[in-house]
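So you can see what is in the structure, the chains are spelled out below.
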Amino acid sequence: MIDARLRPWIDPPLNSIARQLARFPVSANQITITGFITGMAAVPLIATQHELLALILIAFSRLCDGLDGALARIKGITDLGGYLDIVLDFIFYSAVVFGFALAQPQHAVYGVFLIFSFIGTGASFLAYSIFAAKRKLDTSVRGKKSFYYLGGLTEGFETIVALGLMCIFPDWFWVIALIFGMMCWITTVTRVTWAWQTL
């Protein structure tokens, strides 16, 4: 919901770090994969109830998720980079929720509900981008991207906040998952409505 509004605040420091990274033989895809591996390493920590340690890895992972795009805009945006970015993001988000389901099997149904909700947001997001490309639609509200980014109530920032809150307040995982899952369905409905009107 507020990803676009945050860009003027988060882009300058990310761009500054990316300019330094650009001096070395490191690619945006390597940053993407590093962030993904780091984020996935948080899953066993969550499953064994070391949530605060997991939060540190999640934070670093999301830093990489911002840096890869900033570096790509310097070295050149590629289709593979855009593909890896979105696919690994969705796997990572669901994996964190899966970690909480493993840690709290009594609340696993709420984790299942949230992952189910992620399917709605992901499918409505990616399907629209296919037809946006077909119609040559473009947007730069969220920065220069490999493909069309359709907004909604729950975007990247809100998802990171939700996962962070789960790590800080693990006993409230089921409540956060339930509320955020419902927010995801609001996003899905609004995206489908937008697609209905524009396509």
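First things first, this report covers the structure right here in the doc. Small disclaimer: the values here were computed from a predicted structure and weren't measured. (Residues numbered from 1 in each chain as written. Predicted model: local features only at pLDDT ≥ 70, side-chain atom pairs only at ≥ 80, totals over all residues. Heavy atoms only, no water.)

In this fold, T159 is placed in helix α6 (residues 156-168). Judged by its relative accessible area of 7%, T159 is buried. Residues in contact with T159, not counting those within four places in the same chain, are Y93, F118 and F180. (Helix = DSSP H or I, 4+ residues; strand = E, 2+ residues; numbered from the N terminus. Buried < 20%, exposed > 50% of the residue type's maximum accessible area, 1.4 Å probe, protein only. Contact = heavy atoms within 4.5 Å.)

All chains considered together, the criterion is met by 1 cavity of 30 Å³ or more. Of the volumes computed, that of the largest cavity is approximately 50 Å³. The wall of the largest cavity is formed by T32, G35, F36, S61, R62, C64, D65, D68, D85, L88, D89 and F92. Going through the elements one at a time, α2 (28-47), α3 (51-75) and α4 (79-103) are the ones with two or more residues in the lining of the largest cavity. Considering each element in turn, the lining of the largest cavity owes the most residues, 5 residues, to α3. A breakdown of the residues in the lining of the largest cavity according to their chemical character gives 4 nonpolar, 3 polar and 5 charged. (1 Å grid on protein atoms, 1.4 Å probe; cavity = no way out; pocket = protein on both sides within 12 Å on 5 of 7 lines; lining within 4 Å. Points joined across faces, edges and corners; volume = space filled by probe spheres on them. Nonpolar A, V, L, I, M, F, W, Y, C, P; charged D, E, K, R; others polar.)

Moving on: the environment of I31. Within the fold, I31 resides in helix α2. On the basis of relative accessible area, I31 is assigned to the buried category, the value being 11%. Residues I31 and A72, spaced 41 residues apart in sequence, show a C-alpha to C-alpha distance of 9.9 Å. What I31 contacts, discounting residues up to four positions off in sequence, is L21, V26, C64, L67, D68 and L71.

This paragraph deals with a nonpolar patch on the surface. Among the surface-exposed residues, L52, F157, V161, L165, I168, F169 and W172 lie close enough to one another that they form a single nonpolar patch of about 670 Å² accessible area. Broken down by element, the nonpolar patch gets its largest block of residues, 4 residues, from α6. Looking at the secondary structure, you find V161 in helix α6. Residue V161 is classed as partly exposed on the basis of its relative accessible area, which comes to 35%. (Patch = residues over 30% accessible without salt bridge, like charges linked within 9 Å, V, L, I, M, F, W, Y side chains within 5 Å. Areas by Shrake-Rupley, 256 points an atom, 1.4 Å probe, with all protein chains shown as cover. Salt bridge = Lys/Arg side-chain N within 4 Å of Asp/Glu carboxyl O.)

In this structure, L114 and M166 are the most contacted members of the largest nonpolar core, which totals 22 residues. For this core, the elements supplying multiple residues, two or more each, are α2, α3, α4, α5 (108-134), α6 and α7 (173-198). A per-element tally of this core places α4 first, with 6 residues. Those residues in contact with L114 that sit more than four places away from it in its chain are V97, M166, A177, F180, G181 and C184. The next biggest cluster of nonpolar side chains, apart from the first, holds 10 residues, and it includes L14, A28, C64 and A72. (Core = buried A, V, L, I, M, F, W, Y, C linked by side-chain atoms within 4.5 Å.)

These values are about where atoms sit, not about what they do.
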